[in-house]
Every structure is written in C-alpha cells, then in structure tokens.
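Architecture and fold: a report
Each chain, letter by letter, is given below.
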Amino acid sequence: LAVWLLWQRQAGEQVIRLGILHDRSGPMAISEKPMVEAEKLAIEEINAAGGLLGRQVEAVDADTQSKADVAASEVERLLVQENVAAIVGCWTSACRKTVKPIVEQIPEAHVYIAGEGELREELEAQARALGITDRLHFLGFQRDVAAVLSAYDIVVFPSLWEGTPLTSFEAL
C-alpha cells in the first residue's frame, strides 16, 4: 500500500478529495476490492464524525485493472483532472513503480515515517542516493503514538504479515 500526501493541493476547497487507486476488474481485484471497501468505510466514519479538519472527505475511484499503463493514466487523471489531495492504493509493486515517477512530479508530496527498525539506516541511505530527503522524513521512535497519528493527514501501515493492521484503525 502506498500513500502520497498532497494535501496542500486543495487549500481553500470545501471537500477533501481522496483518490482510491485499486484494481477492481483485473486479476488482483479479489485482493484489492476489500481494501476499497475498508477505505470507503473509513471515509464514511470520518465524515460522520465531522470530517477531516472540518471538511468532508470524498472518494474518487480509479480502477487499475492490474495494468501498468492503466494505473499510470488513472493516477494522472486523479492528480490533474480530479485534483485529489492524496492517493491511497497501489497494492502491487508493479503499480507503485509505474505511478511513482508521475507522483514525484508533484512538489507538495511528502512522506513521514515514524518508528525504528533494522532497515532504517539503509532506507535513509537510499533516500540520500535518490535525492529525496527533502520529501521523505524519518521521525524515529515516537513515544506518543496518538499525537503522531493525529498529526498525519493519511496513515499507511505497510506490513508483509498483517492483513488488516490495528494501527490503521487506531489512526481513525
């Protein structure tokens, strides 16, 4: 799962538009449709609780069909035509690799990573080598998790082992 934070794109708008980029009709649809349902349920709950920063959240759907060219055109549509504040999705690495260069063209995109782990130094070195340290921020260990989660506009918990991590729900 990948999320790009682009919230500054919608300053002054009444609704926060969230792009939901998943396969709904191709080979990965069986795995990704439940993600779409969970994301839309989260949006409903956020809106029922008053929205995000006092604004309602609107889902803008995009179907990748598990095809790289379709994913690329859909992410461009979401960013350029639909003017979404953020994109949630890209379940497969092929999708992420395809849309990454498109999203990187948006200067407002920043990613914050909280926590520690054995790969942190390697990831920081990769960020330096790629020249993205101005957009990729490592926060390190955070004792007050609730404060960190509440400061984020979007929370992602990419896990190789958990199907539905508790952290994603705690962020709501």
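Anything mentioned here points back to the structure above.
Criteria and cut-off values
Residues numbered from 1 in each chain as written. Predicted model: local features only at pLDDT ≥ 70, side-chain atom pairs only at ≥ 80, totals over all residues. Heavy atoms only, no water. Helix = DSSP H or I, 4+ residues; strand = E, 2+ residues; numbered from the N terminus. Buried < 20%, exposed > 50% of the residue type's maximum accessible area, 1.4 Å probe, protein only. Polar contact = N/O pair within 3.5 Å; in protein donor to acceptor, adjacent residues only side chain to side chain. Axes fitted to C-alpha atoms, helices over the stretch in contact; angles between N-to-C directions. Left-handed = near helix turned anticlockwise from the far one by under 90°. Contact = heavy atoms within 4.5 Å. Nonpolar A, V, L, I, M, F, W, Y, C, P; charged D, E, K, R; others polar.

Of note, H22 is situated in strand β2 (residues 15-22). We classify H22 as buried; its relative accessible area is 0%. Separated by 3.0 Å, the side chains of H22 and E39 make a polar contact.

Phi is positive for Q65, close to 60°, though the residue is something other than glycine. The topology assignment puts Q65 in the loop between β3 (56-63) and α2 (68-81). Given a relative accessible area of 30%, Q65 falls into the partly exposed group. Of note in this structure, S66 is not a glycine but carries a positive phi near 60°. Topologically, S66 is positioned in the loop between β3 and α2. Note on S66: relative accessible area 35%, which makes it partly exposed.

It is the contact of α2 with helix α3 (residues 93-103), at a shortest axis distance of 9 Å, that shows an interaxial angle of 35°. In this structure, the crossing between α2 and α3 has a hand that is right-handed. Two secondary-structure elements touch here, α2 through A68, A71, A72, V75, E76 and L79 and α3 through C95, T98, V99, I102 and V103. Of the residues contributing to the contact of α2 with α3, the split by class is nine nonpolar, one polar and one charged.

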